[in-house]
Each structure stands twice: as structure tokens, then as C-alpha cells.
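Each chain, written out:
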Amino acid sequence: MIEKVHHMHKRIKFAIFGNTYQEHKSSHVNNLLDILRSKNAEISICNEFYEFLKIHTNIDLSGLNTFRGNRFEADMALSIGGDGTFLRTASRIEKKEIPILGVNTGRLGFLAAVSPDQMQEVFDDIYQDKYIAEDRRVLKLTCEKNILKGTPYALNEIAVLKRDSSSMISIKAYVNNELLNIYQADGLIISTPTGSTGYSLSVGGPILVPQSGTISITAVAPHSLNVRPIVIRDDWEITLEIESRSHNFLIAIDGRSESCHEGTKLTIRRASHNIKIVKRCNQTFFNTLKEKMMWGADNRL
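Rules used in this analysis
Residues numbered from 1 in each chain as written. Predicted model: local features only at pLDDT ≥ 70, side-chain atom pairs only at ≥ 80, totals over all residues. Heavy atoms only, no water. Disulfide = S-S within 2.5 Å. Salt bridge = Lys/Arg side-chain N within 4 Å of Asp/Glu carboxyl O. Helix = DSSP H or I, 4+ residues; strand = E, 2+ residues; numbered from the N terminus. Buried < 20%, exposed > 50% of the residue type's maximum accessible area, 1.4 Å probe, protein only. Pairing = 2+ DSSP bridges. Axes fitted to C-alpha atoms, helices over the stretch in contact; angles between N-to-C directions. Expected span 1.5 Å × (residues − 1). Contact = heavy atoms within 4.5 Å.

Description of the state of the cysteines
Then, in step 1: Counted by the stated rule, this structure contains zero disulfides.
Then, in step 2: Summary of cysteine pairing: cysteine 143 is not part of a disulfide, and the nearest cysteine sulfur, belonging to cysteine 260, is at 5.4 Å.

Right under this line is the structure:
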């Protein structure tokens, strides 16, 4: 007699983060919870998102654990929203090395690459280990006087920008202690490959492929027309010294901005940890470029 081996589903722990502005999209969350419950998953949900769903929706939240800050453990993190939500999720994961899956409830998503109607098949794949957790490099900002209030880690970019409508700022940029340039501009964006299709791209920066081991440095509205974006290795160190007429400027780390006083020396290096992005096996970077950005599409055809 052949013995039937009953294949037990492994119990996967998920930590859920979400966008707390879009109650009209809550049906996606309902659907997600149904799928996870059917798989007997262990589900934790971050406190802010939980409270938001409790107040604004009638979703069944029974049996869910909640957590605050970074006091959670999981096998995988789920980010429900757009790329902004994904970046905020990454900043909560920080050094935990937990892979993040982005479910995209918005219009465009490079990071949040799974649409709500693909959730069932994606989780079926995840339970069969059919997915890739792709390592993405992270930048770390260090300030002399340790003035940062938020996290120093950027998955996308670290930008130095002029405040309000003041005149441009002057940014002395050094690479490995050698002067690269003195930028007179509205700002400077130091981007990872992951961030290269975001803010950096919109000011004319290059698209960097995720595995390239590079960083791009791109000026925002430079005063000189012969300044071009430059791409360097990501194990090199960038130092910035900023002067501004208003004596302060903004630092934006993945879009979270803080005010900073001129004369503060900033150092940007590759962080010692990566962020892991969950991708489907058939999902390639070039495909995403063509789909999300119509990259290379020719309207004349």
C-alpha cells in the first residue's frame, strides 16, 4: 500500500503595512485577508493601518495581531498602496532583511508591482516558493552633528534641496575626498538604481539597472548648462557641503524631508544592509520599464 503523505502547508508570518488615505480601496485589503486566512497565514498588521481600517471600513479584523514601530517579526512584509507606501514600509523594515511584497492600489508602481487582481496567483506562488527576493542596495546619510530626526536610510534617493522659494543653493560635492563639482542649483539628487526611475529620472537622471552596483548624482535645475548627471560606484563615498542664502536647506530621504542648517557636512555611503523586494519569476526590469513607463514606445507607429 502506498502511504499518502499529507503535505502540510507551512505557516507563513506576514506583517502588513498600508496606505492610510484610501478607504475606498479597502476591498483589496478584504480580499487580501481572505486569501491569507485561506492559507492559514499568521497575520500582523501595523497599528496605524489597523486603526484606520477599523474606523473607516467594515473589514473583519478578527484574529489579527497588531504591532507598533518596528516591534514585529515576519517572514514577509506586505505593503498595500503605491510606491510611497512601499518606501515607508522599507523604512520600518530597515535592517531586518525581511522581503517586501508591494500590492499596488495606485496608478503606477515600480516597487509595488503586484496588482490586486493578481493577489491570488501571487500568494499561490509564494506558498510554493516560486518567487524571487531581489536584493536592493540602500544609501545611508550621516550628518556631522547627528541632527537627523528620522531614519538615515534611503532605498530610492537622498536629495538636498533649497528651501521654499529662496535662491538656489551651492553644493560642494566630493567623491572619495576629491572635489567632483560645486553645483549651483535648486538641489542635488543622489539616487540608487531603485530610485533611478523615480524623482531622479524626472530631473533628467539616468535609468540604472538594479544589479549595476552604481549611484547617480543629478542636479535639480542647475545654473550651468554643462552640468550632466554622473554615475559612480556605490562603494564610493560622497561628501556634500552646502551653502545657502537663507542659511538652511532641506534634506529629503525617500521623500521624507527635514530642514537642516548650512555648514552641516553630509556623508553618503552604501548601507551595510539591503532591502529585499519580492518579485514574480517572470517579472523582469526591462518588462517593467516598457509596461510602466512606455519606455521606448513610439507613438508614430
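That covers the picture; the talk isn't over yet.
Some thoughts on the pattern of salt bridges
Then, in step 1: Scanning all chains against the criterion turns up 18 salt bridges.
Then, in step 2: With a closest N to O distance of 2.8 Å, glutamate 237 and arginine 269 form a salt bridge. Linking glutamate 237 in the loop between strand E13 (230-233) and strand E14 (238-243) with arginine 269 in strand E17 (residues 265-279), this pair joins segments that are 32 residues apart in sequence.
Then, in step 3: Classification of glutamate 237 by relative accessible area gives partly exposed; the value is 21%.
Then, in step 4: Relative accessible area serves as the criterion here: at 39%, arginine 269 is assigned to the partly exposed category.
Then, in step 5: Through salt bridges with shared partners, a single network forms among Glu97, Asp135 and Lys276.

Re the sheet that holds strand E15 (residues 248-253)
Then, in step 1: Pairing within the open sheet is antiparallel, and its six strands lie in the order E13-E12-E11-E8-E15-E16. Each edge of the sheet is formed by a strand with only one pairing partner; in this case those strands are E13 and strand E16 (256-261). On average, adjacent strands in this sheet sit at an angle of 20° to one another, irrespective of strand direction.

Focus: helix H1 (residues 26-38)
Then, in step 1: For H1, spanning 13 residues, the distance from its first C-alpha to its last is 19 Å, which sits close to the expected 18 Å at 1.5 Å a residue.
Then, in step 2: By the burial criterion, the buried members of H1 are Ser26, Val29, Leu32, Leu33, Ile35 and Leu36.
Then, in step 3: In this structure, the buried residues of H1 make contact with strand E1 (13-18), strand E2 (42-46), helix H2 (47-56), strand E4 (76-81) and helix H4 (119-127).
Then, in step 4: Looking at the residues trailing H1, positive phi occurs at asparagine 40, about 60°.

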